[in-house]
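Structural characterization, general
The chain contents come next:
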Amino acid sequence: MESSNETTVSMQESYETLLPQFENIDPCLSPDIPMDIYLQEAKDLHFQAQQDVNDLTQRGLNPQYTETLQARIYACQYAQGLWFKEY
């Protein structure tokens with residue numbers, strides 16, 4: 001199990017790595033649900049996708065989506081933390 005410090009490092013590294021991609025998202029939309037709920041649903045989806053990765057890939061899902069989902073979740077959580085800190 002990851003320690004809190006390891007998770008924070010992973011979150012920050014994910015954020016710094018993915019930030020250029022995030023900055024190029026156009027248009028940037030506000031979510032229709034609270035981010036905490038969105039992120040928990042993304043974590044649940046990641047867990048389920050890991051269980052079904054072979055079936056999903058056979059049905060045409062690009063494996064890159066499941067392989068990078070954890071890092072994208074971490075980056076988003078880190079960004080949310082920065083936002084809370086600033087506002």
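Refer to the structure above for everything that follows.
Throughout what follows, the structure given in this document is the object of discussion. (Residues numbered from 1 in each chain as written. Predicted model: local features only at pLDDT ≥ 70, side-chain atom pairs only at ≥ 80, totals over all residues. Heavy atoms only, no water.)

1. Digging into the packing of aromatic side chains
Under the defined criterion, the tally for this structure stands at three aromatic pairs. Residues Tyr 15 and Tyr 78 carry aromatic rings whose centres are separated by 5.2 Å and whose planes lie at 45 degrees to one another, so their mutual orientation is tilted. Taken as a pair, Tyr 15 in helix α1 (residues 4-23) and Tyr 78 in helix α4 (residues 63-86) lie far apart in primary sequence, 63 residues in all. Judged by centre distance (5.4 Å) and plane angle (40 degrees), the ring pair of Trp 83 and Tyr 87 falls under tilted. In this structure Trp 83 comes out as partly exposed when scored by relative accessible area, which is 49%. Members of the aromatic cluster, joined through ring pairs, are Trp 83, Phe 84 and Tyr 87. (Phe/Tyr/Trp six-rings, centres within 6.5 Å; stacked < 30°, edge-to-face > 60°. Helix = DSSP H or I, 4+ residues; strand = E, 2+ residues; numbered from the N terminus. Buried < 20%, exposed > 50% of the residue type's maximum accessible area, 1.4 Å probe, protein only.)

2. With respect to α4
In this model α4 runs 35 Å from its N-terminal to its C-terminal C-alpha over 24 residues, within 8% of the 34 Å that 1.5 Å per residue would give. By the largest-angle criterion, Leu 69 marks the main kink of α4, which is about 45 degrees. Every buried residue of α4 is listed here: Thr 66, Leu 69, Ile 73, Tyr 74, Ala 75, Gln 77, Tyr 78 and Gln 80. (Expected span 1.5 Å × (residues − 1). Bend = angle between axes of the 7 residues up to and from the residue.)

3. What to know about the nonpolar core
Listed in full, the six residues of the largest apolar core are Met 11, Tyr 15, Leu 18, Tyr 74, Ala 75 and Tyr 78. Residue assignment for this core shows that the elements contributing at least two residues are α1 and α4. Look past the residues within four positions of Tyr 78 in its chain and what remains in contact with it is Met 11, Gln 12 and Tyr 15. (Core = buried A, V, L, I, M, F, W, Y, C linked by side-chain atoms within 4.5 Å. Contact = heavy atoms within 4.5 Å.)

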